[in-house]
Amino acid sequence: MKFNTFIKAIFLFVAITLVSCASRKNVAYLQDVDSEKNSAELLNYEPRLQKDDLLSIIISADQPEATLPFNMPQIQGNYQVNENQDGIKTYLIDSYGDIQFPVIGKVRLAGLSRTDAVKKIENEVKLYITNPTVNLRILNYKVAVIGEVNKPGNYKIASERLTLLEALSQAGDLTIYGKRNNVLIIRESDGKRTFNRVDMTKADFVSSPYYYLSQNDVVVIEPNKTRVNSSVIGPDVAAVISALSVLVSLTILLTR
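Structural notes, computed from the coordinates. As the structure is a prediction and not an experimental result, all values here were calculated from the model. Per chain, residues are indexed from 1 in the order of the written sequence. Where totals are concerned, whole chains, interfaces and linings use all residues; where local detail is concerned, this predicted model gives features only for residues with pLDDT of at least 70, and gives and counts side-chain atom pairs only at 80 or more. Side-chain calculation: all heavy atoms of the structure are included, whereas hydrogens and water are not.

### Let's talk about the overall build of the chain
Right, so step 1: Each helix is a run of DSSP H or I of at least 4 residues and each strand a run of E of at least 2, with the numbering of both proceeding from the N terminus. In terms of helices and strands, the chain carries five helices and 12 strands.
Right, so step 2: Taking the contacts inside the chain whose residues are at least 6 apart along the sequence as the reference set, 64% of them involve residues at least 24 apart.
Right, so step 3: Using a 1.4 Å probe, accessible areas were evaluated by the Shrake-Rupley method; residue-level cover was limited to the displayed protein chains. Element-wise, carbon and sulfur atoms account for 55% of the exposed surface of the chain, whose accessible area totals about 16,300 Å². By the convention used here, residues are in contact when the closest approach between their heavy atoms is within 4.5 Å.

### As for the environment of Ala144
Right, so step 1: Here Ala144 shows up in strand β6 (residues 142-147).
Right, so step 2: Only protein chains enter the accessibility calculation, which uses a 1.4 Å probe. A residue is then buried if its area is under 20% of the maximum for its type, exposed if over 50%, and partly exposed in between. On the accessibility criterion, Ala144 (12% relative accessible area) is buried.
Right, so step 3: Distance from Ala144 to Val218, taken between C-alpha atoms, is 4.7 Å for residues 74 residues apart in sequence.
Right, so step 4: What Ala144 contacts, discounting residues up to four positions off in sequence, is Gly153, Asn154, Asp217, Val218 and Val219.

### A closer look at helix α2 (residues 114-125)
Right, so step 1: With 12 residues, α2 extends 17 Å between its outermost C-alpha atoms, agreeing within 8% with the 16 Å of an ideal straight helix rising 1.5 Å per residue.
Right, so step 2: Taken together, the buried positions of α2 are Ala117, Val118, Ile121 and Val125. Mapping the buried residues of α2 onto a view down its axis gives an arc of 100°, with all of them on the same face.
Right, so step 3: Next to the buried residues of α2 lie β1 (54-60) and β5 (133-138). To estimate how far a helix should reach, multiply one less than its number of residues by 1.5 Å. In this context, the arc is that of the directions from the helix axis out to the C-beta atoms.

### Re the sheet that holds β1
Right, so step 1: What makes two strands pair is DSSP finding at least two bridges between them. Ordered in space as β2-β1-β5, the three strands form an open sheet in which the pairing is antiparallel. Two strands bound the open sheet, and with one partner strand each, they are β2 (90-92) and β5. The sheet shows a mean angle of 30° between the axes of neighbouring strands, taken without regard to direction.
Right, so step 2: In the sheet, β1 pairs with β5 via six bridges, with the strands oriented antiparallel. Directly across from Ile57, in β5, lies its bridge partner Leu136.
Right, so step 3: Angular values range over 0 to 180 degrees, each being the angle between N-to-C directions of two axes fitted as lines to C-alpha atoms, with helices fitted over their stretch in contact. Along the sheet, α2 contacts β1 and β5; its crossing angle with β5, the most-contacted strand, is approximately 140°.

### A short note on the nonpolar core
Right, so step 1: Only buried residues count toward a nonpolar core. Its members are Ala, Val, Leu, Ile, Met, Phe, Trp, Tyr and Cys residues joined through side-chain atoms within 4.5 Å. Formed by 44 residues in total, the largest nonpolar core has its most connected members in Ile57, Ile59, Phe101, Leu109, Leu164 and Leu168.
Right, so step 2: Of all the elements, α2 adds the most residues to this core, at four residues.
Right, so step 3: Each residue touching Leu109, except ones within four places of it in the same chain, is listed here: Leu49, Leu55, Ile93, Gly97, Ile99, Ala117 and Ile121.

### Topic: the sheet that holds strand β7 (residues 153-156)
Right, so step 1: Spatially, the five strands line up as an open sheet ordered β7-β6-β12-β9-β10, and their pairing is mixed. Single-partner strands in this sheet number two, and they are β7 and β10 (192-198). The mean inter-strand angle of the sheet, taken between neighbouring strand axes irrespective of direction, is 20°.
Right, so step 2: Bridge count between β6 and β7: four bridges; the pairing is antiparallel. Following the sheet pairing, Val145 is matched in β7 by Gly153.

### Considerations on the pattern of salt bridges
Right, so step 1: Salt bridges are defined as contacts in which a side-chain nitrogen from Lys or Arg sits within 4 Å of a carboxyl oxygen from Asp or Glu. The tally for this structure, following the rule as stated, stands at five salt bridges.
Right, so step 2: When the shortest N-O distance is used, the salt bridge between Asp98 and Arg108 registers 2.6 Å. Of the two residues, Asp98 is situated in strand β3 (residues 98-101) and Arg108 in strand β4 (residues 105-108); the sequence distance between them amounts to 10 residues.
Right, so step 3: When its relative accessible area of 45% is taken as the criterion, Arg108 is described as partly exposed.

### Some details on the packing of aromatic side chains
Right, so step 1: Aromatic contacts are taken between Phe, Tyr and Trp rings whose centres are within 6.5 Å, Trp giving its six-membered ring; a plane angle under 30 degrees counts as stacked, one over 60 as edge-to-face, and the others as tilted. Under the defined criterion, the tally for this structure stands at six aromatic pairs.
Right, so step 2: With a centroid separation of 6.5 Å and an interplanar angle of 25°, the aromatic rings of Phe70 and Phe101 are classed as stacked. Remark: Phe101 occurs in strand β3 and Phe70 occurs in the loop between β1 and β2; sequence separation between them is 31 residues. Each member of the pair, Phe70 as well as Phe101, carries the same accessibility label: buried.
Right, so step 3: Lysine NZ or arginine CZ positioned within 6 Å of the ring centre and within 35 degrees of the ring normal marks a charge as sitting over the ring. Of note, Lys89 hangs over the ring of Tyr91, and the distance from its end group to the ring centre comes to 5.6 Å.

### Re the pairing of β1
Right, so step 1: A large share of β1 lies buried, amounting to five of its seven residues.
Right, so step 2: Where β1 meets β2, three bridges bridge the pair, whose relative direction is antiparallel. Residue Leu54 lies in a different strand from β2, and its bridge partner there is Leu92.

Below is the structure:
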């Protein structure tokens, strides 16, 4: 009788272990959002240009013919964005942080915000034409999301404003095994690589410098303890438990 009680206790322990629910604090985002202010000032975010950024720069003016020397035709092959922009003249920021722009020559743009880069080019072009307008876009804006998400990979972004939540949404969200309170963001800026941690279970992360992602950021979602432990046990946990159940049943039959 005591042996049967012991076996039942083992079964009860295994059942509780298998069906026990994960704590809400491990899976819910923005858990303390209700304690935050109903409205928060939006961050005035814009990306800073980096080495290897591919730019589209188009000059406009009241006299279109005056802009022709600055809007040279595409001579290095076509670059397409969403399959609807062909033949755009592109400028690659080289390893020194410069581009070679028609008429003006070398212009250093790496490290500048998009607004500052536009002003810098405008000031240079003003020496040649009156009231120029500069339209500048980053064509190869992308981020990578890896780890415990449903669709890891590289994601090209049509706009230049992407939040961490939006990036994870494109990656199919975290799996139930992903750590939401310890998201790693790898960022390169000013020739340095930084490793930054974000707690997405706290509402105040939306005010952090990592709420908006920069181009070429890498988002790493680490596995939680459940995933790590299951990797030790193996993927066929159910088969193991089934085998143990059979073994216990046989033991009960043999000891009667």
